[in-house]
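Chain by chain, the residues:
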Amino acid sequence: MYDILRKHIEKIIPLTDKEAELVFPFFVSKKYKKHQFLIQQGEPVKYNYFILEGLLKLVLTEDNGKSFIVGFAMEDWWETDFQAYYQQADASMSLECIEDTQVLCLSLDDYRNLCKTVPKMEHFFLQKAYAGYIAAQQRIISSMTSNTSQRYAELLKRYPTLVQRVPKFLLAAYLGVSRETLSRLSQ
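Residues numbered from 1 in each chain as written. Predicted model: local features only at pLDDT ≥ 70, side-chain atom pairs only at ≥ 80, totals over all residues. Heavy atoms only, no water.

Enquirer: I tried to follow the packing of helix 6 (residues 148-158) against helix 8 (residues 168-175) on my own but got confused; where do I start?
Expert: Geometry of a packed helix pair, given as the angle between the helix axes and the separation of the axes. In the contact formed by helix 6 and helix 8, the axes pass within 11 Å of each other and the chain directions differ by 120°. Between helix 6 and helix 8, the crossing angle belongs to the class labelled oblique. In this structure, the crossing between helix 6 and helix 8 has a hand that is right-handed. For the pair helix 6 and helix 8, contact is made by Arg151, Tyr152 and Leu155 and by Lys168, Leu171, Tyr174 and Leu175, respectively. Tallied by class, residues from the contact of helix 6 with helix 8 come to 5 nonpolar, no polar and 2 charged. (Axes fitted to C-alpha atoms, helices over the stretch in contact; angles between N-to-C directions. Helix = DSSP H or I, 4+ residues; strand = E, 2+ residues; numbered from the N terminus. Parallel < 35°, antiparallel > 145°, perpendicular 65-115°, else oblique. Left-handed = near helix turned anticlockwise from the far one by under 90°. Contact = heavy atoms within 4.5 Å. Nonpolar A, V, L, I, M, F, W, Y, C, P; charged D, E, K, R; others polar.)

Next comes the structure, spelled out in structure tokens:
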């Protein structure tokens, strides 16, 4: 499992064998079952998760019970409630397994100590943050300027394997359309 993490990191920065040995102890491996929560809204956020295997959804639920899917995460992705994680606050969103999932967990203290121990890891995390910020901006712009058909086509193009794994009703919720509308689009 740590070889997966190393390959992921080395897409951005090279690691010597010694640096890799220093990186791995900061992570804790955990497994979760389908429908299990890694984060529950209103509770403290302990970890940032690197997904080794499985599929997750990040969900915001309003007081009236209405839910919004903020995003999905699959293998080779990082996910958490980033605001709550970095501010050590209670979660404003829940992170739930769509499939059985295995992750590597990184606490905020361990993140900080990792960046001190292997300083180039700070550059790695900065690059991941940039990529996440860009993706979030693109999704916001798309939701403001594209019709449903265009948003669905963009999702298919950008994340073809994700679309094959996520149930249609969740994809519809993510796109903000009815399942019937999504069915018409996917024909």
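Enquirer: Just to check I follow, could you spell out the nonpolar core for this structure?
Expert: Nonpolar side chains in soluble globular proteins tend to end up buried together. Residues Leu5, Val23, Phe27, Tyr49, Leu114, Met121 and Phe125 are the most contacted members of the largest nonpolar core, which totals 40 residues. Among the elements that make up this core, the one with the highest residue count is strand 3 (residues 47-53) (5 residues). Apart from residues no more than four positions distant in its own chain, Val23 is found in contact with Leu5, Ile9, Leu114, Val118 and Met121. With 18 residues, the next largest nonpolar core counts Leu170, Leu171, Ala172 and Val177 among its residues. (Core = buried A, V, L, I, M, F, W, Y, C linked by side-chain atoms within 4.5 Å. Buried < 20%, exposed > 50% of the residue type's maximum accessible area, 1.4 Å probe, protein only.)

Enquirer: I tried to follow unusual backbone geometry on my own but got confused; where do I start?
Expert: Negative phi is the rule for most residues except glycine; trans is the rule for most peptide bonds. A positive phi angle, near 75°, is found at Asp76, a position not held by glycine. Mapping Asp76 onto the fold places it in the loop between strand 5 (67-74) and strand 6 (78-79). The exposure class of Asp76 is partly exposed, given its relative accessible area of 25%. Positive phi, close to 50°, is recorded for Gln88, a residue that is not glycine. By secondary structure assignment, the location of Gln88 is in the loop between helix 3 (82-87) and strand 7 (94-97).

Enquirer: So what exactly am I meant to see when it comes to the sheet that holds strand 7 here?
Expert: In sheet architecture, strand pairing relies on hydrogen bonds along the backbone and comes in two forms, parallel and antiparallel. Pairing is antiparallel in the open sheet, where 4 strands are placed in the order 2-7-4-5. Each having just a single partner strand, strand 2 (37-39) and strand 5 make up the two edges of the open sheet. Neighbour-to-neighbour, the strand axes of the sheet open up by a mean angle of 30°, direction not taken into account. Pairing geometry for strand 4 (residues 55-61) and strand 5, over 7 bridges, is antiparallel. Bridge pairing in strand 5 places Val59 opposite Ile69. (Pairing = 2+ DSSP bridges.)

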